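Observations on the model geometry
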Amino acid sequence: MKTLSSAHVHTQFCDGKSTAAEMAAAAYEKGFVSLGFSSHATMTYQLTGQYEDHYSMPLDKVPLYREEIRRLQKEYEGRMTIYLGIERDYYCALDPKDYDFHLAAVHQMPLNDHCFPAVDGSPEEVKMYVDEGCGGDGLLYAKRYYGMLAEFVCREKPPIIAHVDLIRKSNPHLHLWDEEGKAYQSIALEALTAMRESDAILEVNTGAIGRGTLTTPYPSPFLLKRWHELGGEIMLNSDCHNAKMLDVAYDESEELMRSVGFDHAVRLGKNSLWETYAL
């Protein structure tokens, strides 16, 4: 493993299982150069009814989150560099200027005048969205998701694009499209090409492997290869919710990155926000 960093981890301040202190201790034990905390930002377009927002950080926890990560920065100063970040969704209440860095993502989509867990919800919730919101058309669902993400990234120009093809999460269960098919890949590639204009770093995310949802990281190899062709930068993150999974599948993901042509990647730096390293 060469990466020795993750800019995408979640703790008990949002939907993580580990405390921030536990996550920092695990990173230090593994010899990490740096660690970036990235709690899910508070939503502005809240979920309603039975679909409450259980994963993002409540507003009253935000000051505590900021205080704890700044405390850990001082505790590990000179040994490991810690950054205060945030994962911002399409419908997000927190200003990125208040953080060292941020990631952009789409986890929910609008349905019947409220926000619905159409992307990162359970397979049953995803199917409900596809049936009610897209007339059962999986490709229409994919087009809407990628359209939202591309618009968000191009508008906000975030430093990092998180799990760009997150909608793959439920496809092994629901078979909404053929991942090797031209129709789906054309939709995803068009959005990816548009996002390249933002100069954001594309995340290679191993979180679904750690949670047993998928056996490969986000993004799919065809997207990763196109990003290389477009001259984009990448970074490897674990999207870790449990400190035990902080570097899950890093070795094989680095091999995948090399196999499509990348000879280097970006990580949070020891002495500066970003640094490159050889793969």
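Residues numbered from 1 in each chain as written. Predicted model: local features only at pLDDT ≥ 70, side-chain atom pairs only at ≥ 80, totals over all residues. Heavy atoms only, no water.

Looking only at helices and strands, the protein chain has nine helices and 11 strands in total. A compact globule built from 279 residues should have a C-alpha radius of gyration of about 19 Å, and the protein chain, at 18 Å, falls within 12% of that. Across its three principal axes, the protein chain shows a C-alpha extent of roughly 55 × 45 × 35 Å. If you sum the accessible surface of the protein chain, you get close to 11,700 Å²; carbon and sulfur atoms cover 50% of it. (Helix = DSSP H or I, 4+ residues; strand = E, 2+ residues; numbered from the N terminus. Rg over C-alpha atoms; globule rule 2.2 N^0.38 Å. Areas by Shrake-Rupley, 256 points an atom, 1.4 Å probe, with all protein chains shown as cover.)

Attention now moves to helix 3 (residues 123-134). An α-helical turn contains 3.6 residues, so any two residues separated by three or four positions project in the same direction. End to end, helix 3 covers 15 Å across 12 residues, agreeing with the expected 16 Å (1.5 Å per residue, within 8%). Every buried residue of helix 3 is listed here: Val126, Tyr129, Val130, Gly133 and Cys134. With its buried residues spanning 100° around the axis, helix 3 presents them on a single face. Those residues of helix 3 that are exposed and angled more than 90 degrees off the buried face are Glu124 and Glu132. Structurally, helix 3 contributes buried residues whose contacts are with strand 5 (109-111), strand 6 (114-116), helix 4 (138-156) and helix 5 (171-174). Of the residues flanking the end of helix 3, it is glycine 135, one or two places downstream, whose phi is positive at about 60°. (Expected span 1.5 Å × (residues − 1). Buried < 20%, exposed > 50% of the residue type's maximum accessible area, 1.4 Å probe, protein only. Arc of directions from axis to C-beta. Contact = heavy atoms within 4.5 Å.)

Another point: the side chain of histidine 163. By secondary structure assignment, the location of histidine 163 is in the loop between strand 7 (160-161) and helix 5. Given a relative accessible area of 2%, histidine 163 falls into the buried group. Here glutamate 87 takes part through its side chain, which lies 3.2 Å from a polar atom of the side chain of histidine 163. Here histidine 163 is in contact with His8, Glu87, Ala105, His107, Tyr145, Glu203, Asn205, Tyr218 and Asp239, once residues within four sequence places are set aside. (Polar contact = N/O pair within 3.5 Å; in protein donor to acceptor, adjacent residues only side chain to side chain.)

Packed helices, taken two at a time, are described by the angle between their axes plus the distance between the axes. Across the interface, helix 6 (residues 182-196) lies against helix 8 (residues 221-229) with an axial gap of 10 Å and an inter-helix angle of 35°. As helix 6 runs across helix 8, the sense of the crossing is right-handed. Contacts between helix 6 and helix 8 involve Tyr184, Gln185, Ala188, Leu189, Leu192, Thr193, Met195 and Arg196 on the former and, on the latter, Phe222, Leu223, Arg226 and Trp227. (Axes fitted to C-alpha atoms, helices over the stretch in contact; angles between N-to-C directions. Left-handed = near helix turned anticlockwise from the far one by under 90°.)

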